[in-house]
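Fold and contact review
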Amino acid sequence: MPLRTPPAAAVASSAAPSADAQRRSSSARVLVLGGTGRVGGSTATALSKLLPDLNILIAGRNREKGESLASKLGEQSEFVQVDIRNANMLEEALQGVDLVVHAAGPFQRENECTVLQAAIATKTAYIDVCDDTDYSWRAKGFHEQAKACGVPAITTAGIYPGVSNVMAAELVHTARSENAGEPERLRFFYYTAGSGGAGPTILTTSFLLLAEDVIAYNRGKEIKLKPYSGALSIDFGKGVRKKDVYLLNLPEVKSAYRILGVPTVSARFGTAPFFWNWGMKAFANFLPVEYLRDKNKVTKLVEFVDPFVRAIDGIAGERVSIRIDLDCTNGRNTIGLFSHRKLSVSVGYATSAFVLAVLEGSTQPGVWFPEEPEGVAIESRKVLLERASQGATNFVMNK
């Protein structure tokens, strides 16, 4: 059964971070793993703008790209060569670091939480941008170890999942605090034009997700559905309007069901141009599951289609939009909307918002999902969403 109410413990921080908390965070050292990639690089860039005095270590295997980004960000940034598959190198890189951001995806088919384990071993605060259900719950399995070592950690702390989880938690919290009936159905809808400018990693993630049964919840029962089925036409508001979205197995479904206690939960995703959706459906229906589960084969497929995606991206753009719908027992329906012209920029601010929340003391020791109030305290959610929505073309809550 899902947890019906969040634990009372979670409400530790004030709505606005104190001056002392801001001073501590601005003088911190943050290591961004995957810093030479699109998501990690965007996170490092956003962090340097939000906190110019923050010492940012850009970690990756490509020295040339890493040093180039570090030079653009200024004297407070530097490149560190790290291979996350090398445990000794990883733990050495974490020495003297206040927080590590794990943005070195894809997370699908990864059987070990090596970065989280290294963070716990070195007592380093941790967040990741995981977008895989199995990996996120594997990370959650280290909760007691992190708690015992005093390490605050948040998994699935990107834009979606991540900011979308916090938006959902706020919708549910508002409904319950206003006695608006018990939340009974929560639906996540996502749209990204093209690849969102996020490069081959997001393509690899998308193809690997096509090999997974979609886990959803209907009136308290877990159900399995076919990936990229169940098409709906959803209005994402100004600048985006109606887009077709399809079922995918995304981690916020399970975490929202268990933590927020909503009995019916699902998630859908769509892209543009429309023929990319047709392609995704074709891959899901006609490619053998064994093929889509093989990371090496999927990587080769991505290498083949990537030039076509890049060409179309130039036309399609990289607009991103999130819509979350909450239905309550008394007939009340509320939504949250978030849209941005560039996913590659927006994901950086979204991830940075979680970094700052952890550095400012919002997160208790242990491994948490974004919607858990011990991960992001209820009073800190508004500040997190404000930071994450910088540059957004549309941001509405509880409409």
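The paragraphs below set out a description of the structure included in this document. (Residues numbered from 1 in each chain as written. Predicted model: local features only at pLDDT ≥ 70, side-chain atom pairs only at ≥ 80, totals over all residues. Heavy atoms only, no water.)

Brief notes about the pattern of salt bridges
Heads up, the condition is: When a carboxyl oxygen of Asp or Glu is within 4 Å of a side-chain nitrogen of Lys or Arg, the pair counts as a salt bridge. Only runs of H or I of at least four residues qualify as helices and only runs of E of at least two qualify as strands under DSSP, and these elements are numbered from the N terminus. For the exposure calls, accessible area comes from a 1.4 Å probe over protein chains only, and a residue counts as buried if that area is under 20% of its type's maximum, exposed if over 50%, partly exposed in between.
Summed over all chains, the structure comprises 13 salt bridges. Across the pair arginine 381 and glutamate 170 runs a salt bridge whose closest N-O atoms are separated by 3.3 Å. With arginine 381 in helix 15 (residues 381-388) and glutamate 170 in helix 8 (residues 163-177), this residue pair connects regions lying 211 residues apart in the sequence. When its relative accessible area of 3% is taken as the criterion, arginine 381 is described as buried. Between glutamate 360 and arginine 387 there is a salt bridge whose closest N-O contact spans 2.8 Å. Taken as a pair, glutamate 360 in the loop between helix 14 (343-359) and strand 15 (366-368) and arginine 387 in helix 15 lie far apart in primary sequence, 27 residues in all.

What to know about the nonpolar core
The following threshold applies: Within this scheme, the nonpolar core is defined by two criteria: the residues are buried Ala, Val, Leu, Ile, Met, Phe, Trp, Tyr or Cys, and they are joined through side-chain atoms within 4.5 Å. In what follows, a contact means two residues having at least one pair of non-hydrogen atoms within 4.5 Å.
With 82 residues, the main nonpolar core has Val30, Leu186, Phe188, Leu260 and Phe354 as its most contacted residues. With 10 residues, the top contributor of residues to this core is helix 14. Once you skip the residues sitting within four places of it in the chain, leucine 186 turns out to touch Ala168, Ala256, Leu260, Val262, Thr264, Val265, Ser266, Ile324, Asp325 and Leu326. Of all hydrophobic cores here, the second largest spans 28 residues; its members include Leu33, Leu90, Cys113 and Val115.

What about the side chain of glutamate 170?
The line we're drawing: Counting of polar contacts relies on pairs of N or O atoms within 3.5 Å, with two restrictions inside protein: one atom must be capable of donating a hydrogen and the other of accepting it, and residues adjacent in sequence are counted only when both atoms are side-chain atoms.
Given the relative accessible area of 16%, glutamate 170 is considered buried. Here arginine 381 takes part through its side chain, which lies 3.3 Å from a polar atom of the side chain of glutamate 170. Ignoring sequence-local partners within four residues, the contact set of glutamate 170 consists of Arg381, Leu385, Met397 and Asn398.

Concerning the environment of valine 101
Of note, valine 101 is situated in strand 4 (residues 99-102). Owing to a relative accessible area of 0%, valine 101 belongs among the buried residues under this scheme. Those residues in contact with valine 101, other than ones at most four positions away along the chain, are Val30, Leu31, Val32, Leu33, Ile127, Thr351 and Val355.

Such coordinate-based values are descriptive only and should not be taken to indicate function.
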